[in-house]
Amino acid sequence: MVEVIVGWQIYALTKDPLALGLVGLSTALPSITVSLYAGHLSDIKSRRNISLVTLTINLICVLGLLSISSHLEAVYLGFGTFPIYSILFIAGLASGFLAPAVIAFNYEIVPGEFAQNAAAWRSSSWQSAAVAGPALGGVLYGFIGATGAYTVACVLFVMGIVFVYMIPNRPAPIKERSETLMQSLKEGVSFVFKNQFIVGALSLDLFAVLFGGAVAMLPVFASDILKIGPEGLGVLRAAPAVGAVIMALWQAHHPMSGRIGKKLFIAVQCWGVTIIVFGLSKNVYLSVFALAVGGAFDSISVVVRATLVQLSTPNNMRGRVEAVNMMFIGSSNEIGAFESGVAARLLGVVPSVVFGGCMTLISVFVTGKLAPKLWKLNYEELEVASNEPS
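Since the structure is predicted, the reported quantities are computational estimates derived from the model, not experimental observations.

Student: Could you clarify how one ought to interpret the overall build of the protein chain in this entry?
Tutor: Each helix and strand counted, the protein chain has 16 helices and zero strands in total. When the accessible surface of the protein chain is summed, it comes to about 16700 Å², and 71% of that surface belongs to carbon and sulfur atoms.

Below you can see the structure in the form of structure tokens.
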């Protein structure tokens, strides 16, 4: 919800696609900066408690955006968009600590034999929120304004914090030996980069989404190309999540087997094709359909990647490994949004989206050449093979 509201407000104030890209950059940079230390912290402290603190900080940030929204024109005339970006920067810092802790905590409470099924349900749960959030944010923005929409988001944030608090705490992961901060960080990074399955999957996500960040430009498509307003923007933002939910639920009941590495590459390649179709489309229905199908293929990538990480990582290293994971994902999503803004400024919005889709296809080919073991990976061999990183 908040992403939709902020995106629409920023574009309404500036009419500049680069400003939308800066939204992603202002959250990505602080998140990436603290990720490695955040991973180390989540491997020595209670992951549940870290999650609660960082979620509370995010709630305070949304309250700040609510306050600014109440006097948006005056704030913009006096300070420009700086206050909004500043709040997003703080939220990015909190998210940098939240991501490795909450995901590692998730893995901690789910046995390894349920890894793939749990990853599918986890993805469908998150994507369900990603369906309702953008759609609800756009509708509320259109009918009751940004202030009302932010208020609803704050209420939902409070509910989320309460639900996390209700989960029984787990003791902090047991450290097998004493090590310095730098040794701890180095061990986590080294573990990831020595495992071709993990680093290949993360690289595929990094470069594919880095160049295929069409989502960042959706306010431009909704406002200037498809002309469907903030309500339509909510539909566009929800479309990828609708496809992802359907695919994740299907995967939960039909777990993947066989050549899951090959399926991962094909899914990302098909996702790149849907980005190109969306960029060229001038029809609302085709655009929504392309985004939904793209979300379905992206869900396959999410589930495979989560399964790889869970089955390959010991519990006392999950925070650090997830920190590296989130650095890749943060780079691909938020910095990808910045790249999309710069490309849109230089090439135009439609050519930049089509160019990004083409670069996604190229990145799939390159990653396949550099990570042949990932391409050949069978799910039945995953648990054994992932314990022998190479």
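Student: Explain the environment of Ile57 to me, please; I cannot follow it from the model alone.
Tutor: Relative to the assigned elements, Ile57 resides in helix α3 (residues 47-70). By relative accessible area, which is 33% here, Ile57 ends up partly exposed. Once the C-alpha coordinates of Ile57 and Ala91 are considered, the two residues, 34 residues apart in sequence, prove to be 7.1 Å apart. Apart from the residues within four sequence positions on either side, Ile57 is in contact with Ile90 and Ala94.

Student: Got a minute to help me understand the confidence of the model for the protein chain in this structure?
Tutor: Caution applies to low-pLDDT regions: their predicted coordinates should not be interpreted in detail. When the pLDDT values of the protein chain are averaged, the result is 79; 82% of them are 70 or greater. Considering each helix and strand of the protein chain separately, the mean pLDDT is smallest for helix α16 (residues 379-385), with a value of 57, and largest for α3, with 92. Low pLDDT (under 50) marks residues 385-390, which in the prediction has twelve contacts with non-local residues, meaning those over four places away or in another chain.

Student: Looking at this model, I keep getting lost on the side chain of Ser281. Mind explaining?
Tutor: Take Ser281: it is sitting in the loop between α11 (260-280) and α12 (284-312). At a separation of 2.9 Å, a polar atom in the side chain of Ser281 contacts the side chain of Ser287. Those residues in contact with Ser281, other than ones at most four positions away along the chain, are Leu226, Leu286 and Ser287.

Student: Can you help me understand a nonpolar patch on the surface in this one?
Tutor: There is a patch of nonpolar side chains on the surface, built from Leu136, Val155, Leu156, Val158, Met159, Val162, Phe163, Tyr165 and Met166 and spanning about 850 Å² of accessible area. Mapping Val155 onto the fold places it in helix α6 (residues 115-166). The partly exposed category is assigned to Val155, whose relative accessible area is 47%.

Student: Sorry if this is basic, but what is going on with the side chain of Ser26 here?
Tutor: Position of Ser26 relative to the elements: it lies in helix α2 (residues 17-42). Within polar-contact distance, the side chain of Ser26 engages the backbone oxygen of Val23 at 2.8 Å. Ignoring anything within four residues of it in the chain, the contact list for Ser26 reads Tyr85, Leu88 and Phe89.

Student: What is the right way to read the packing of aromatic side chains from this model?
Tutor: One pair of aromatic rings is described through two measures. These are the centre distance and the angle between the planes. One pass over the structure, following the stated rule, counts two aromatic pairs. With centroids separated by 6.2 Å and ring planes inclined at 85°, the aromatic side chains of Tyr37 and Phe97 adopt a geometry described as edge-to-face. With Tyr37 in helix α2 and Phe97 in helix α5 (residues 82-108), the pair connects residues that are 60 residues apart, well separated along the chain. Classification of Tyr37 by relative accessible area gives partly exposed; the value is 39%. Using a relative accessible area of 21% as the deciding quantity, one classes Phe97 as partly exposed. With 4.6 Å between their ring centres and 45° between their planes, Phe221 and Phe278 make a pair best called tilted. Separated by 57 residues along the polypeptide, Phe221 in helix α9 (residues 218-225) and Phe278 in helix α11 bring together distant segments of the chain. Judged by relative accessible area, which is 0%, Phe221 ranks as buried.

Student: I would appreciate a short explanation of the nonpolar core in the present structure.
Tutor: The nonpolar side chains of soluble globular proteins are, as a tendency, buried together. One finds Val6, Ile10, Ile84, Tyr150 and Met217 to be the most contacted residues of the largest nonpolar core, which totals 58 residues. Looking at this core element by element, the count peaks at nine residues for α6. Sequence-distant contacts of Ile10, that is, excluding residues within four places in its chain, are made with Lys15, Ala19, Leu20, Val23, Thr81, Ile84 and Tyr85. Residues Leu204, Ile260, Ala267 and Leu308 belong to the second largest nonpolar core, which totals 16 residues.

Student: Just checking my understanding: could you explain the environment of Ile87 for this structure?
Tutor: Relative to the assigned elements, Ile87 resides in helix α5. Separated by 27 residues in the primary sequence, Ile87 and Ile60 place their C-alpha atoms 9.3 Å from one another. Those residues in contact with Ile87, other than ones at most four positions away along the chain, are Cys61, Gly64, Leu65 and Ile68.

Student: Help me out: how do you make sense of the packing of α2 against α5 in this one?
Tutor: Axis angle and axis distance: for two packed helices, these are the angle between their axes and the distance between the axes, and together they describe the pair. For the pair α2 and α5, interaxial distance at closest approach is 6 Å and the crossing angle is 35°. The chirality of how α2 crosses α5 is right-handed. Partitioning the contact of α2 with α5 into residue classes produces 15 nonpolar, nine polar and no charged.

Parameters and conventions
- Residues numbered from 1 in each chain as written.
- Predicted model: local features only at pLDDT ≥ 70, side-chain atom pairs only at ≥ 80, totals over all residues.
- Heavy atoms only, no water.
- Helix = DSSP H or I, 4+ residues; strand = E, 2+ residues; numbered from the N terminus.
- Areas by Shrake-Rupley, 256 points an atom, 1.4 Å probe, with all protein chains shown as cover.
- Buried < 20%, exposed > 50% of the residue type's maximum accessible area, 1.4 Å probe, protein only.
- Contact = heavy atoms within 4.5 Å.
- pLDDT = per-residue confidence, 0-100.
- Polar contact = N/O pair within 3.5 Å; in protein donor to acceptor, adjacent residues only side chain to side chain.
- Patch = residues over 30% accessible without salt bridge, like charges linked within 9 Å, V, L, I, M, F, W, Y side chains within 5 Å.
- Salt bridge = Lys/Arg side-chain N within 4 Å of Asp/Glu carboxyl O.
- Phe/Tyr/Trp six-rings, centres within 6.5 Å; stacked < 30°, edge-to-face > 60°.
- Core = buried A, V, L, I, M, F, W, Y, C linked by side-chain atoms within 4.5 Å.
- Axes fitted to C-alpha atoms, helices over the stretch in contact; angles between N-to-C directions.
- Left-handed = near helix turned anticlockwise from the far one by under 90°.
- Nonpolar A, V, L, I, M, F, W, Y, C, P; charged D, E, K, R; others polar.

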